[in-house]
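Coordinate inspection notes
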Amino acid sequence: MKRVLCLYRVSTKGQVDKKDDIPMQRRECMAFIERMEDWCFYDELMEKGVSGYKVSANKRDAILEIRALAEKKKFDVLLVFMFDRLGRREDETPFLVQWFIEHGIEVWSTREGQQRLDNRVDKLLNFMRYWQAGGESEKTSMRVKAAHTQMTADGIWRGGTRPFGYKLTHNGRVGKKNRPLYDLSIDEVEGPIVKGKTSFNISARRSYVDLIAKPFMPNDEEYGYYFYDINAKINHKFSDRSRIYLSVYNGKDHFAANYDGDTDSKDGSTMNWGNTIVSARWNYIFNNRLFSNTTVSYNNYLFDVNSYNNNKYANSMGASIINRYSADYRSGINDWSYQIDFDYNPSPAHHIKFGTGYIYHRFRPEVMTSKISEKTGDKVDRDTTYHSIANSRIYGHELSAYLEDNIKVNDRLRLNLGLHFSLFQVQKQSYSSLQPRVSARYQLGKDVTLKASYTQMSQYVHLLSSMPIAMPTDLWVPVTKKIKPMRSHQYSLGGYYTGIEGWEFSVEGYYKDMYNVLEYKEGVSFFGSSAGWENKVEMG
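Residues numbered from 1 in each chain as written. Predicted model: local features only at pLDDT ≥ 70, side-chain atom pairs only at ≥ 80, totals over all residues. Heavy atoms only, no water.

Helix and strand counts for the chain come out as 6 helices and 26 strands. Residues counted as buried form 34% of the 540 residues belonging to the chain. A separation threshold of at least 6 residues defines the contact pool for the chain, and within that pool the share at least 24 residues apart is 62%. (Helix = DSSP H or I, 4+ residues; strand = E, 2+ residues; numbered from the N terminus. Buried < 20%, exposed > 50% of the residue type's maximum accessible area, 1.4 Å probe, protein only. Contact = heavy atoms within 4.5 Å.)

Quick look at the nonpolar core now. Counting residues in each nonpolar core, the largest one holds 23 residues, and the members touching the most others are Tyr 225, Phe 255 and Phe 303. Among the elements of the structure, helix H6 (209-213), strand S10 (221-237), strand S11 (242-260), strand S12 (265-285), strand S13 (290-314) and strand S22 (475-478) are those that each provide at least two residues to this core. In terms of nonpolar packing, the next biggest core, distinct from the first, is built from 20 residues, Ala 57, Ala 70, Leu 78 and Val 97 among them. (Core = buried A, V, L, I, M, F, W, Y, C linked by side-chain atoms within 4.5 Å.)

What follows is about helix H4 (residues 93-102). Of all the residues in H4, the buried ones are Thr 93, Pro 94, Leu 96, Val 97, Trp 99 and Phe 100. Gly 104, located one to two residues past H4, shows a positive phi value of around 80°.

Quick look at the sheet that holds strand S4 (residues 106-109) now. Taken together, 5 strands build an open sheet; the order of strands is S2-S1-S3-S4-S5 and the sheet is mixed. At either margin of the open sheet sits one strand with a lone partner, and together these are strand S2 (39-48) and strand S5 (113-115). The average angle at which neighbouring strand axes cross in this sheet is 25°, direction not considered. In the sheet, strand S1 (residues 2-10) pairs with S2 via 9 bridges, with the strands oriented parallel. Note on S2: the bridge partner recorded for Val 10 is Lys 48. In the packing of helix H2 (residues 22-35) onto the sheet, contacts are made with S1, S2, strand S3 (77-80) and S4, and the angle to S1 comes to roughly 160°. The strands touched by helix H3 (residues 61-71) are S1, S2 and S3; relative to S2, the strand with the most contacts, the crossing angle is about 155°. (Pairing = 2+ DSSP bridges. Axes fitted to C-alpha atoms, helices over the stretch in contact; angles between N-to-C directions.)

Judged by side-chain polarity, Val 296, Tyr 338, Tyr 358, Leu 399, Leu 419, Phe 421, Leu 423 and Leu 434 come together as a nonpolar surface patch covering roughly 650 Å² of accessible area. Broken down by element, the nonpolar patch gets its largest block of residues, 3 residues, from strand S18 (residues 413-426). Its place among the elements puts Leu 423 in strand S18. Judged by its relative accessible area of 30%, Leu 423 falls in the partly exposed class. (Patch = residues over 30% accessible without salt bridge, like charges linked within 9 Å, V, L, I, M, F, W, Y side chains within 5 Å. Areas by Shrake-Rupley, 256 points an atom, 1.4 Å probe, with all protein chains shown as cover. Salt bridge = Lys/Arg side-chain N within 4 Å of Asp/Glu carboxyl O.)

Right, let's get into the packing of H3 against H4. At a closest axis distance of 10 Å, the pairing of H3 and H4 adopts a crossing angle of 25°. Taken together, the axes of H3 and H4 lie roughly parallel to each other. In terms of crossing hand, the pair formed by H3 and H4 is left-handed. Contacts between H3 and H4 involve Ile 63, Ile 66, Arg 67, Ala 70 and Glu 71 from the former and Leu 96, Trp 99 and Phe 100 from the latter. (Parallel < 35°, antiparallel > 145°, perpendicular 65-115°, else oblique. Left-handed = near helix turned anticlockwise from the far one by under 90°.)

The next point concerns the environment of Gln 98. Note on placement: Gln 98 falls in helix H4. The spacing of Gln 98 and Arg 116 is 18 residues in sequence and 8.9 Å in space, taken between C-alpha atoms.

This paragraph deals with the side chain of Thr 480. Mapping Thr 480 onto the fold places it in the loop between S22 and strand S23 (486-497). Taking relative accessible area as the criterion, Thr 480 reaches 0% and is therefore assigned buried. One polar contact links the side chain of Thr 480 to the main-chain amide nitrogen of Lys 482, over a distance of 3.2 Å. (Polar contact = N/O pair within 3.5 Å; in protein donor to acceptor, adjacent residues only side chain to side chain.)

Before going further, it helps to examine the packing of aromatic side chains. Throughout the structure, instances matching the rule amount to 15 aromatic pairs. Seen in terms of ring centroids, Tyr 284 and Phe 286 are 4.9 Å apart; in terms of plane orientation they differ by 80°. Their pairing is edge-to-face. Assessed through its relative accessible area of 35%, Phe 286 is described here as partly exposed. A network of ring pairs unites the aromatic residues Trp 282, Tyr 284, Phe 286, Phe 342 and Phe 354 as a single cluster. Directly above the ring of Tyr 245 sits Arg 281, whose terminal nitrogen or CZ lies 4.2 Å from the centroid. (Phe/Tyr/Trp six-rings, centres within 6.5 Å; stacked < 30°, edge-to-face > 60°. Lys NZ or Arg CZ within 6 Å of the ring centre and 35° of its normal.)

Quick look at the pattern of salt bridges now. Inspection of the entire model under this criterion finds 12 salt bridges. Between Arg 3 and Asp 76 there is a salt bridge, with the nearest N and O atoms lying 3.1 Å from each other. Placement of Arg 3 in strand S1 and of Asp 76 in the loop between H3 and S3 is noted, with a sequence separation of 73 residues between them. Residue class for Arg 3 comes out partly exposed when judged on its relative accessible area of 29%. Since its relative accessible area comes to 24%, Asp 76 is described here as partly exposed. Residues Arg 330 and Asp 328 are paired through a salt bridge, measuring 3.0 Å at the closest nitrogen-oxygen approach. By relative accessible area, which is 14% here, Asp 328 ends up buried. Here the salt bridges do not stand alone but share partners, grouping Asp 84, Arg 85 and Arg 88 into one network.

Coordinates in, geometry out; function isn't part of it.
Written as structure tokens, this is what we have:
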């Protein structure tokens, strides 16, 4: 029987105090052990309020204890709910997993199965899994910082000392905990000391895990990963009613693996994916009841995988022959969009939002190219390039309009009624959808609230994924003559209790119908076939 040690972890103290999911992780692990015929439970360790991203494995007591037990051969299998419970650091966690496997420990997840390192693909996926987990943690931190930056740019006071030259004004908005939100506005007395109407911000960064890891790699293998991004923002205040915001973003992730042994054979691969976004937003206040945001933007996403193999040998005549094969796979989306949104407050009981938008899409779902060349001495014997029959561009036009009203019926009942219309035109085929959205909030008592909602949605762009986790190899593809829009109906009902200070208890449930869900056929992936992507998928 294989002895199983389980590890459970939650990242923050808040999860321990209010949303402790360690019992859930334990139930999943115990149920998984019962399904494995030759497994038996050995022991379990818990980490409460320990970040797998901010805290190194060398400073986590549970990881140190597990490693010590592994060295003493006390257990055979390390089981976690999901692999990111081991850590979320791409420069450390993949090597921790490798350490356990090299010491004879099987590493399993209840959701993702066994992590193996039998070949180069396994090693690549092991690295990319924790690169993706680390990226999610980093993006969470970035979203929080970006939200705070945007609040400041919008003139919302976030606490602390009031800046000289400004005063605090309350315009009726409240935060998540029903606390009033204050805006910063120029004080007529102190205002003249506040200079300038234009501000800008430029930032850039690059990761350096590739530089750190390079000295520790084998001589015949070289892995490298880095990302960079550049942000530039500028805003200008024309008047108290009119502002303009301009922003530019460019980011790229790069992964490379090269193998060069003592033989005359060399092979390798690279993977690049990135985004470029340019946007301009004009904010205009017509009066104290109506204001608008007009946005024009450009977005370009590109994903590229390239692999190669070089072989060098001598023929029977002693002449040197060089054979080279390379393959390239690309996918991308290019969008131009226009959107105008209005906020209208005709009375204290109504908050109306409405707007319209247009997007011009240019899709390149997959572009595959391969090249074969052969050279004898200085003579080129063969130099051929193949283009897949699936190479194509798809152009789409998307038009949308919406209207919603947040209604205060009385002190107990609030309603949100909305209607969204969309039209998508592609390959001389048009799809349209009218989507109602209704939600209600009823204050049953001082501390008890009931909420219910119904939403109908249509989606004209599908995500194709060949792996259980999000990866850059996931493809965004549009509806076509063959591929229909995905549609859904969702119903939800919930109850909330806030009678104990500092606590909120809630019970929620939902039911969702989905139609025309798109996925790869069994055994098919994004790469390795000359068939077009429409022939690789099934819908249901």
